Amino acid sequence: MRISARADYAVRAALQLAACQDDGPLKAEAIADAQEIPHKFLEGILNDMRRGGLVLSQRGGNGGYRLARPADLISIADVIRVVEGPLVSVRGVRPPELAYSGPAESLLPLWIALRANVRQILEGVSLADVAGADLPTPVTELAADPAAWTNP
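This structure is a prediction, so every number in the text was calculated from the model and none was measured.

> Which parts of the structure should I look at to understand the nonpolar core?
Generally speaking, soluble globular proteins have nonpolar side chains that are buried together. Judged by nonpolar contacts, the single largest core of 37 residues is most densely connected at Met 49, Leu 67, Val 79 and Leu 127. Every element with two or more residues in this core is listed here: α1 (5–19), α2 (28–35), α3 (39–51), β2 (64–67), α4 (76–84) and α5 (107–123). Ranked by the residues each element gives to this core, the list is headed by α1, at nine residues. If sequence neighbours within four positions are ignored, Leu 67 has contacts with Ala 14, Leu 17, Ala 18, Gln 21, Leu 54, Val 55, Leu 56, Ile 74 and Leu 127.

Structure representation (structure tokens):
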């Protein structure tokens, strides 16, 4: 699985909003500066997140962006889906829409299992979890395995 720059920036922007949600709206420039995200690129991401119902925007001198709902009710999966679409696809197609034959027939359940595991992790972690450095135990256990940190 590959996490695009767009998805990474979207999650980081959402985390910045989560960390500052009691401070009022944040300007895009402030988010971009805090997370070292190119400002113009971030504007497009924030617009997608607004259209996707994850953030609200407010115009004016005291304007900016804020989360549309509490950070504990927004999963990392929610953010990625809004800016990228499905979490797992094969050649741009969702796994249930695929069909294989012969020795490749068992690929479909493999892709489905991969999608289920990605969903389990990303849907089970909220913005509040990450912003508060309080990841769920299954995530911390997976990350604690030294093999998880190496590239084979």
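> I would appreciate a short explanation of the pattern of salt bridges in the present structure.
Throughout the structure, instances matching the rule amount to five salt bridges. The partner of Arg 12 in a salt bridge is Asp 8, and the shortest N-O contact between them spans 2.9 Å. One end of the pair is Arg 12 and the other is Asp 8, both in helix α1 and four residues apart, which spans about a single turn. The partner of Arg 69 in a salt bridge is Asp 78, and the shortest N-O contact between them spans 3.5 Å. Judged by relative accessible area, Arg 69 falls into the partly exposed class, the value being 32%. Asp 78 sits in the partly exposed class, given a relative accessible area of 22%. Salt bridges linked by common partners bring Arg 6, Asp 48 and Arg 51 together as one network.

> Explain unusual backbone geometry here, please?
If a residue is not glycine, its phi is most likely negative; likewise, a peptide bond is most likely trans. The phi dihedral of Glu 36 falls on the positive side, at around 55 degrees, and the residue is not glycine. Here Glu 36 lies in the loop between α2 and α3. A positive phi angle, near 55 degrees, is found at Arg 91, a position not held by glycine. Examined against the element boundaries, Arg 91 turns out to sit in the loop between α4 and α5. What makes Arg 91 exposed here is its relative accessible area of 67%.

Each value, and the rule that gives it
- Residues numbered from 1 in each chain as written.
- Predicted model: local features only at pLDDT ≥ 70, side-chain atom pairs only at ≥ 80, totals over all residues.
- Heavy atoms only, no water.
- Core = buried A, V, L, I, M, F, W, Y, C linked by side-chain atoms within 4.5 Å.
- Buried < 20%, exposed > 50% of the residue type's maximum accessible area, 1.4 Å probe, protein only.
- Helix = DSSP H or I, 4+ residues; strand = E, 2+ residues; numbered from the N terminus.
- Contact = heavy atoms within 4.5 Å.
- Salt bridge = Lys/Arg side-chain N within 4 Å of Asp/Glu carboxyl O.

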